[in-house]
Amino acid sequence: MNRHQILTALAVLVYLGGIVGANMFAATFGPSAVPIVTFTLIGLDLSLRDFLQLTMKKESMFAMIFAGGAISYLIDPDAGMIAIASGTAFTTAALVDWTVFALLKGKWIVRANLSNVAGAMVDSTVFITIAFGAFMPGEIGLSVVSKVAGGFFWSYILAIVFRKRIAAIDSQGTANS
């Protein structure tokens, strides 16, 4: 495996770990865990999804998203509704994020952060409503802000880690979007 393949594989593992970790925290601590989990883990996942979107096939991306929910359920069947909410929210948000990211032109980091806003709004609304069985505007709003802030932070970290790949992407325009 070359460096690019190793970094992509590592990104996939971190992405899956973020989904599973977020699900386990939400299942254990409920809505009170949302702000911390969304900044640290989901913000990272939103930005990783934008990077991986340019590296992986769409089918692989959706399989990876569903794998996170399945792994969460297998680890803790009591987290079943959390896993269902996660899979539904991530898939729905991925479609929105994907569409916005693909429509935007320019540098990866700008595209990633703008698409993260749209993805965070959808993800937060769907996840919290399904996972906790109620529409909770305060928690949803806090979750959106946390995800966008986390996505902003993590996109800059990813831009440093994957600087050569992202520079190549930026020079090609919207390759693989």
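Below, the structure is looked at part by part. (Residues numbered from 1 in each chain as written. Predicted model: local features only at pLDDT ≥ 70, side-chain atom pairs only at ≥ 80, totals over all residues. Heavy atoms only, no water.)

## As for the overall build of the protein chain
Thinking step 1. Looking only at helices and strands, one finds seven helices and zero strands in the protein chain.
Thinking step 2. Along the protein chain, helices and strands appear, N-terminal first, in the series α-α-α-α-α-α-α.
Thinking step 3. Scaling as 2.2 N^0.38, a compact globule of 177 residues should have a C-alpha radius of gyration of about 16 Å, and the protein chain matches this with 15 Å.
Thinking step 4. Seen through its C-alpha atoms, the protein chain measures out along the principal axes to roughly 45 × 35 × 25 Å.
Thinking step 5. Per-residue burial for the protein chain yields a buried fraction of 48% across its 177 residues. (Helix = DSSP H or I, 4+ residues; strand = E, 2+ residues; numbered from the N terminus. Rg over C-alpha atoms; globule rule 2.2 N^0.38 Å. Buried < 20%, exposed > 50% of the residue type's maximum accessible area, 1.4 Å probe, protein only.)

## With respect to the pattern of salt bridges
Thinking step 1. If you walk through the whole model with that rule in mind, you get one salt bridge.
Thinking step 2. Lys147 is paired through a salt bridge with Asp123; the nearest N and O atoms lie 2.3 Å apart. Taken as a pair, Lys147 in helix α6 (residues 137-161) and Asp123 in helix α5 (residues 108-132) lie far apart in primary sequence, 24 residues in all. Of the two residues examined, Lys147 and Asp123, each falls in the buried class. (Salt bridge = Lys/Arg side-chain N within 4 Å of Asp/Glu carboxyl O.)

## Considering the packing of aromatic side chains
Thinking step 1. Counted by the stated rule, this structure contains six aromatic pairs.
Thinking step 2. Here the aromatic rings of Phe153 and Trp154 are separated by 5.1 Å at their centres, their planes lie at 80 degrees, and the arrangement is edge-to-face. (Phe/Tyr/Trp six-rings, centres within 6.5 Å; stacked < 30°, edge-to-face > 60°.)

## Some words on the packing of helix α1 (residues 3-29) against helix α4 (residues 80-103)
When two helices pack together, their arrangement is given by the angle between the helix axes and by the axis-to-axis distance.
Thinking step 1. Interhelical geometry of α1 versus α4 gives an angle of 135 degrees and a closest axis separation of 9 Å. By the angle class used here, α1 and α4 are oblique. In the crossing of α1 with α4, the sense of the turn from one axis to the other is right-handed. Residue-level contacts link Tyr15, Ile19, Asn23, Ala26 and Ala27 of α1 to Ile82, Ala83, Ser86 and Phe90 of α4. (Axes fitted to C-alpha atoms, helices over the stretch in contact; angles between N-to-C directions. Parallel < 35°, antiparallel > 145°, perpendicular 65-115°, else oblique. Left-handed = near helix turned anticlockwise from the far one by under 90°. Contact = heavy atoms within 4.5 Å.)

## Thoughts on the nonpolar core
Taken as a class, soluble globular proteins show a tendency for nonpolar side chains to be buried jointly.
Thinking step 1. With 48 residues, the main nonpolar core has Tyr15, Leu52, Met64, Trp108, Phe127 and Phe162 as its most contacted residues.
Thinking step 2. Here the element with the most residues in this core is α1; it accounts for 10 residues.
Thinking step 3. What Trp108 contacts, discounting residues up to four positions off in sequence, is Ser47, Asp50, Phe51, Leu54, Phe101, Ser155, Leu158, Ala159, Ile166 and Asp170. (Core = buried A, V, L, I, M, F, W, Y, C linked by side-chain atoms within 4.5 Å.)

## Details of the environment of Val126
Thinking step 1. Within the secondary structure layout, Val126 lies in helix α5.
Thinking step 2. Separated by 42 residues in sequence, Val126 and Ile84 have C-alpha atoms that sit 11 Å apart.
Thinking step 3. Once you skip the residues sitting within four places of it in the chain, Val126 turns out to touch Thr88 and Ala89.

## Digging into helix α2 (residues 34-53)
Thinking step 1. Of all bends in α2, the biggest is about 35 degrees, found at Ile42.
Thinking step 2. Judged by how many residues are buried, α2 sits mostly within the fold: 16 of 20 residues are covered. (Bend = angle between axes of the 7 residues up to and from the residue.)

## Points about the side chain of Ser124
Thinking step 1. As for its position among the elements, Ser124 is in helix α5.
Thinking step 2. Within the structure, the side chain of Ser124 is placed 2.8 Å from the backbone oxygen of Ala120, a separation counted as a polar contact.
Thinking step 3. Once you skip the residues sitting within four places of it in the chain, Ser124 turns out to touch Ile140, Ser143, Val144 and Lys147. (Polar contact = N/O pair within 3.5 Å; in protein donor to acceptor, adjacent residues only side chain to side chain.)

Don't take any of this as a statement about function, it's just geometry.
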